[in-house]
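Take a look at the letters that make up each chain.
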Amino acid sequence: MRNLLGLRAIPQIEYHRPTELTEALKLLAELKEGYRIIAGGTDLVPAARRGGVSLPNHTHIIDISSIKELGYIVKDDGMIRIGAVTRVSEIGVSAVVKEHVPIVADAASQLGSLQVRNLGTIGGNLCNASPAADIAPPLLVLDAKVNVRGVDGQRLVPVTELFTGPGKTILAAGEILAEIQIPITEATAGSCFIKLGRRNAFTLSIVSVATLVKVKDGIFDDVRIALGAVAPTPIRASKAEEYLTGKETSEQVIDEGAKIVAGEVKPISDVRASEEYRRDMSYILTKRAINRSVQRARG
Amino acid sequence: MKVPIETKVNNKPYKLEVEARSTLLDILRDELKIKSVHRGCEDGECGACTVLLNGKPVCSCLVLAPQVGGAEVTTVEGLLKGDELHPLMLAFIENHAIQCGYCTPGVIMTAYYLLNNLTEFTDEELRKGIEGNLCRCTGYIHIIKAIKAAKEYKDSGNWW
Amino acid sequence: MKQRERRLVSGDGFYVDDIELPNMVHCIFVGSPYAHARIKSIDVSRALKVAGVLAVITGKEVVELMDPLPATSNYSAIGWHWRTPKAYPIAADKVRYQGEPVAAIIAEHPYIALDAADLIDIEYEPLPPVSDINEAMQPESPLVYEEWGDNIQVHLEFNFGDIDAAFKEAERVLPVSWHEARVSGFPIEARGCVASYDKVTGMLNMWSSTQAPFLGRQYISSALRLPTNKVRIVAADVGGAFGNKLNWWKDTVVGLGSIVTGRPVKWVESKRELFLTGSHNRDVTWDGEVAVKNDGSILGVKAKFLKDLGVEGTNRGSAAMGMVPACCSVPNAYRLKGVKIEAYGIVTNKSPYCAYRGYGKDKGIKFMERIIQVVSRELDIEPEQVRFRNFIQPHEFPYKQLSGYVYDSGDYPAVLRKVLKLGEVNSWREKQGQARKQGKYIGVGVAFVVEPAGVAAPHCIYGGLTQARVSITSDGLVEVESDQTEIGQGSDITRTKVAANILGVRLDDIEVKRDTSDMPGSGVYSSRGAIYPTGALIRAARELKARMIKLAGHFLNEEAAYIDITDSVFHSTKDPTKRMSLKELADCVYFRPGPRGLPHDMQAKHEVLLTVSASWFSPNTTQNPTNTYATYCSGADIAVVEVDVETGAVSILKYAHVHDAGTLLDKDVVEGQIFGGIVQGIGEALSEELVYTKSGELLSNSYTDYVMPTAQDSPDIVLGHIETLSPFTELGQKGIGEAPPIGSKVVIINAIENALSPFKIRVPESPATRERVRKWILESQGG
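Residues numbered from 1 in each chain as written. Chains lettered and ligands numbered in written order. Predicted model: local features only at pLDDT ≥ 70, side-chain atom pairs only at ≥ 80, totals over all residues. Heavy atoms only, no water.

A.B. asks: Tell me about the nonpolar core, and please be specific about residues and values.
C.D. replies: Judged by nonpolar contacts, the single largest core of 169 residues is most densely connected at Phe448, Val643, Ile748 and Ile752 of chain C. Built from parts of two domains, this core gets at least three residues from each of domain 1 (3-127 + 191-269) and domain 2 (281-458 + 621-780) of chain C. The contact partners of Ile748 of chain C, leaving out residues within four places of it in the chain, are Ala639, Val641, Ile652, Tyr655, Ile682, Ala685 and Leu686 of chain C. Among the nonpolar cores identified, the runner-up in size contains 58 residues, and Met89, Val107 and Ile143 of chain B together with Tyr356 of chain C belong to it. (Core = buried A, V, L, I, M, F, W, Y, C linked by side-chain atoms within 4.5 Å. Buried < 20%, exposed > 50% of the residue type's maximum accessible area, 1.4 Å probe, protein only. Domains from an automatic or database assignment. Contact = heavy atoms within 4.5 Å.)

And the structure:
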C-alpha cells in the first residue's frame, strides 16, 4: 500500500541515455511502453518524489538531454525553429526569439526560477502538458506547430491540437516531440504575455494570457487570445477572437471581448485559486494583454 | 541500476558508479562528501541545493545522477583557492549576509553566476536573479548588499 | 571572529545532515493519510524482510519501551481549565492528524527505508474528522479526544483592570474582529537529529537541530526512561529555527531507534514532513468590542479569543501556553482602563501547534493594532494620532500594565515620530490623494509593537534557567559557553563581542563553544538570548576580569587598581614597563608557578582557576512575579502600498521601521534579525497560509503552495534605531527578534485597508492574498 511519506524515494529505474534521435526512437519502439522521457527533470523528479506520478519499479527512463541535434534555436524561412531539448533559459535570453517572437521569450523568462529554467526544456514543458504550462499560450497564439518524430516517420501537429487533457498530449507511444516551429510574427503585429501568480516571482500561474493582434485603420484585423491555467488544457479563446475580429480597437470593445473570454474559460478551484477568481482574472488579464498588444501594434 | 559516469566536480575528475535513481545532490553529498550542497526541499522550490552545472545554476535535487556524466559541476568548495576565501564569500561575511547559513552556498553559486554574466544590473534585476533562492533569515537585504559589494571587488580586479 | 561564517560560506557546516558516524543508519517516519482514524492493524513483517531494514518501530513498541511524552507546561495545577492529553510520538491506536507518525523504519540507506515503507500493511478505520474550529466547538462535533467529551483543551478568562468602568465611560463602542490564518516558519533546514546509544556505557549521545539542548535532554531522557546524566545532546549547526525547533518528540523515536538497533541513527526531516507534522502557529480569531472616547482615547477592550491548537498535545502544552501572552499582550503600548478576554484553545484534526516567532504575544499585539485602525477609521483620526493619544508616556516607566507585565523602559512617542519621518508619511499621503484622482490606490499603514522579551513563566519548563561559563585557557585564549544556542541569529558574534569588550581580549582569541546539554539553560526563543544567557555571560566575564586583574597585579607586583588589559595584554597605568600578556598570565596561574604561586587569600578561598560560571535572573520578574518577561522592546512600522484593484496584487512602495531594543550589542546582528523578521511578517500578510480541506487534508504541504516571499517580494527597508536602556539588564540591552514580524504583518494589512478606504473595505483576515483583496473589492461594489 502507498503509505503517506514526507517524500518518497524515486523508484528503481532503468536509465538510458541515447545521444542521437534515431537511437532514442529505436529504443522507444523496442520498449513500446513502461518508459518515461526525461530531459530537465524539473517536472518528473519532484512528481516522482511527491507521489504525483506513478512510476512502477524499473520504469525505463529515457534521458534525451544529450541529444545535441535537439537543442537549437534557428531562424529559417519565416519561422523560428526551436529544438525540443533547448533549455527554457536559453529561449528567454535568445536575441532571435526576443526579436521575432518576443512573447515566447517573455513566457520563458518568467517560467519558474533561474535554476528551473536552466534545466527545464521547451519540449518538457509542452509534454508535461500542465494546464498552466507557461510556454503554451504564446505558442497557441502564434499558431506554432510541433514536429513529432516516431521510428516510422514524423508528423506536424499544430500546438492547438497537442494537448488533450491535463497532463496529456496527442503523442503516441514511441513518439518524441522533436521541434517547435513558430511562424515569425509580422513586424506590424502586437503581442503580449502576462502571467499572474500568488507572488511576484517564481510562481505557478493562476492565469496566464498571450495575445497577438494585427490592427488596420483602428480595426482588429486579426486577434488571437490564448490562456493557461483556466481549462483542462491551455486554450485559444476562439469565441472572443471571433467577436473582436473586424471590430474597432476601442476600450469598450476590448472590454466586451475580454468578458467573452471569461465566459469561455473552464477553470477549476484548487488550493491556488478559486474558479471565480480565475474567471475574473481571465477577463482582467485578457483586457490588459489586448490593450498592450494594440499599443504595440500601432507602435 | 548502477550507471558508470565520468564527471568533473570543482575541477577534479571523477569516475563514479551511481545509483540511477539517485540525484546529483545525493552523489555530491553522500559519495563525494561535498557538504556545502544542502537538502532544503528536494522539490526544486528553495534553491538550497543550487550548484553550477556546466556553468549554470541548477537545483541539484532535480538532476538524476546519471545525467551528470560528461558534465562539470561547481560548488562553493570549488571557489576556494586552497584555504583562501573567494572575494564573493568575503563580501557575504563582511555584509552580514550569512545568518543560519543554510541557504548560503546556494545563493553564492547563483550570485557567482550572475556576477560573471551580467555586466550591469539594477537592484530589481538582482532580486529577480536570486528569485530561486529562498532565504528565511535575512529578508534578502544583506544578501543584496553583499552581492553588490562583491561586484565592486570584481570590478576592481579582485576576482577569480 | 566570524569563524562560524567563514566555515559555513566555504562548505564546512555541521548541520545534522552533515554528521556521519561509523555504521550509521537512517530513520524515516511513516504517517497516516487520514486526519482522524483508528489503527485497526499494522503488519510490518513484509517491510522487515527487505534487505537493509533493521527495525520498524510502531506504536506498540513505543508504548512498551517509552514513557508518554512529558508535559512541558501544566496550568491545571493552579485551577485553570487546562488539559494535557497523553501523547506518544508514534500513534498506537488512533491517529489525529494527517501525517501523524504510525511507524518509523530504520534502514541502512534512506531509500531502502522509503521503499520498505510501502510494504507496511496498515488497516485504518477512518473516523469523521473535524478541521474547522467552529465546528469543533459544536456539541455534535467529532471528538479528537473522546474521553474529554468536547474539544476544549484550554479555557481561560482574563479580566484586567476595570472593564465595566471602561465601557461605562465609553462614548462609542466599536465592534472589532480579526483572524490570522495558520502559518509557521518552515526554515530552509527542517528538523533532524543523530542519536548514538552506547550499550557499554549506557550513554545516549545526540546531535540535534535544536534551539535548546538542555531542555531537549530533559524531555528525551524522560520519554526514554533514561537518567538525564546518561543523555547528552549537542546542538548541531541549525539551519534556521524560528521556534519550529523547540520540540523533541520525534527525536525520542530516533533515540529509541539507536537503543533498539545498537547503531547510530540519523533522521533528516523532509520539508513535506515538517509541513505535515510540524510546528504550526497563528490560526486565531478575535471577536469583540472596543470602548473609546470621541477624542480617540481607548478605554477598554472585550473579546473572545479562539486558537486552533490542532493536536497540540504532541507539543505537551508548550504552545497552548502561548494563549497567556496572547491575551496579556493586548494592551500593547497603551494606557487602558480594562481588558477582558475569554480565550479558548480548541483541538482539531490538524497538525500540532508549536512555537513560531512571536509565539503568543504577537497575537494580542496584532489585535490591538487592528483595533487602532478601526478607531482611527471610525473616529476619523489619523492612526498615529490615536497612538500618540493613548501611549504610555516616557516618564511612566517602569510601567505596570493592566496584565501584570511591568514594562521596563521606552519612549514610544519618539519611536513613532522617528518612523513617521523615515517613512515620509506626509509626502506619501499627498501622493495618495493625487493617485486616487487617477484611479490608483495607495495606502499608508502604521503599526506599533511593544514586544515582551525574555520569558520566565511559571508551571512550565520555560522558567528562565540560564548559565554561562567563561574560561581562560592555559595558553591565554578565551572559551565562552552558554545556553545561547546559535541558530543563525548571531549568538556567536554577540557573545564574542560582549566577552571581548568586558575582558579586554582580542576578538580572534575568543572561541564560543557549541551549545550542549552540559550547560543548564533554557536555550533560545522568546527573544531571550540577549537578556538571559548574555546577562549570565556578562556577570561571569566581569567576575573573571576582576580575578584576572588581581592576578596580573600580583604577578606584575602592581596594585590591581592600576592594572588594565587591552588586546589581551595587561599593563600598569602607573608604570608602562610592567606588562604581561594574557598568555603569560595563564601559564603562571595554571602551571608556572600554578596555584602555589597565587595570592594567599585566593588560595584560602580555593579561587585558583581562571574560569567562572554564572547565571542571571530578571530583577523585573523577581520584583514582580506576575511579570513573566524581563524586558520590553518597541518598534514601529510604516508601510506604503499600492493595490492593483483589478487583480488584488499589493506592491510595497516604501517600508520604514524604527526599533528600540535598548543597548545594541551588535548593529549588524540586530539589523539582520529585523530585516528577516519584517519579510516573514510580509509573507504572512500577503501569501502564507496553511490550507486544510474539510476532511483534514493539508493542501499547502510544500513551498509550492505555502507561498513565502522571494527576493522579488521583499522591499527595501529604511531602518532607524533608538536606544532606551533597560534598567533591569546588565548593559541596558533588551531582547530582539520577534517584534519585526509582528509589526510588519499588521502594518501591511493596515496599509491595504487604508488604500482601499474609498471602497469602505474592512480587512477581516490575513493573508490578504490577491484573490481575497480582489474579492473584498468586488463585494464592496456589490459584485
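A.B. asks: Requested: an account of the packing of aromatic side chains, with residues and values cited.
C.D. replies: Between two aromatic rings, the relevant description is the distance of the centres plus the angle of the planes. Residue and element names in this part refer to chain C. Taken as a whole, this structure holds 31 aromatic pairs over all chains when the rule is applied. Among the aromatic residues, those joined into a cluster by ring pairs are Tyr334, Phe388, Phe391, Phe397, Tyr412 and Phe448. The lysine or arginine in question, Lys250, covers the ring of Phe29, its NZ or CZ lying 5.1 Å from the ring centre. (Phe/Tyr/Trp six-rings, centres within 6.5 Å; stacked < 30°, edge-to-face > 60°. Lys NZ or Arg CZ within 6 Å of the ring centre and 35° of its normal.)

A.B. asks: Tell me about helix α10 (residues 251-264) of chain A, residues and numbers included.
C.D. replies: Residue and element names in this part refer to chain A. Look at α10: 20 Å from first C-alpha to last across 14 residues, which is about the 20 Å you get at 1.5 Å a residue. Of the positions making up α10, those classed as buried are Val253, Ile254, Asp255, Gly257, Ala258, Val261, Ala262 and Glu264. Its buried side turned inward, α10 meets β14 (219-228), β15 (235-236), α9 (238-244) and α11 (275-298). (Helix = DSSP H or I, 4+ residues; strand = E, 2+ residues; numbered from the N terminus. Expected span 1.5 Å × (residues − 1).)

A.B. asks: Account for the interface of chain B and chain A, naming residues and giving values.
C.D. replies: Contacts between the two partners involve 34 residues from chain B, matched on the other side by 34 residues from chain A. For the pair chain B and chain A, the two sides together bury roughly 2,600 Å², of which 54% comes from carbon and sulfur. Where chain B meets chain A, there are 2 salt bridges. For the salt bridge of Arg50 of chain A with Asp43 of chain B, the shortest nitrogen-to-oxygen distance reads 3.0 Å. Take the side of chain B that touches chain A: its biggest share by element is 4 residues, from strand β4 (residues 56-59) of chain B. In terms of residue class, the side of chain B that touches chain A is made up of 16 nonpolar, 10 polar and 8 charged. (Buried area = accessible area lost by both parts, 1.4 Å probe. Salt bridge = Lys/Arg side-chain N within 4 Å of Asp/Glu carboxyl O. Nonpolar A, V, L, I, M, F, W, Y, C, P; charged D, E, K, R; others polar.)

A.B. asks: Tell me about the sheet that holds β4 of chain B, and name the residues and values.
C.D. replies: Residue and element names in this part refer to chain B. Within the open sheet, the 5 strands sit side by side as β2-β1-β5-β3-β4. Their pairing is mixed. Each having just a single partner strand, β2 (12-19) and β4 make up the two edges of the open sheet. When strand polarity is set aside, the average angle formed by the axes of neighbouring strands in this sheet is 40°. Along the sheet, helix α1 (residues 24-31) makes contact with β1 (2-9), β2, β3 (50-53) and β5 (72-74), crossing β3 at roughly 100°. (Pairing = 2+ DSSP bridges. Axes fitted to C-alpha atoms, helices over the stretch in contact; angles between N-to-C directions.)

A.B. asks: Please give an account of helix α20 (residues 667-686) of chain C that cites residues and values.
C.D. replies: All names here are of chain C. The terminal C-alpha atoms of α20, which comprises 20 residues, lie 28 Å apart, in line with the 28 Å expected from a rise of 1.5 Å per residue. Most of α20 sits out of view: 18 of its 20 residues are buried. Structurally, the start of α20 carries an N-cap: the backbone nitrogen of Asp668 is 3.1 Å from a side-chain oxygen of Asp666. (Polar contact = N/O pair within 3.5 Å; in protein donor to acceptor, adjacent residues only side chain to side chain.)

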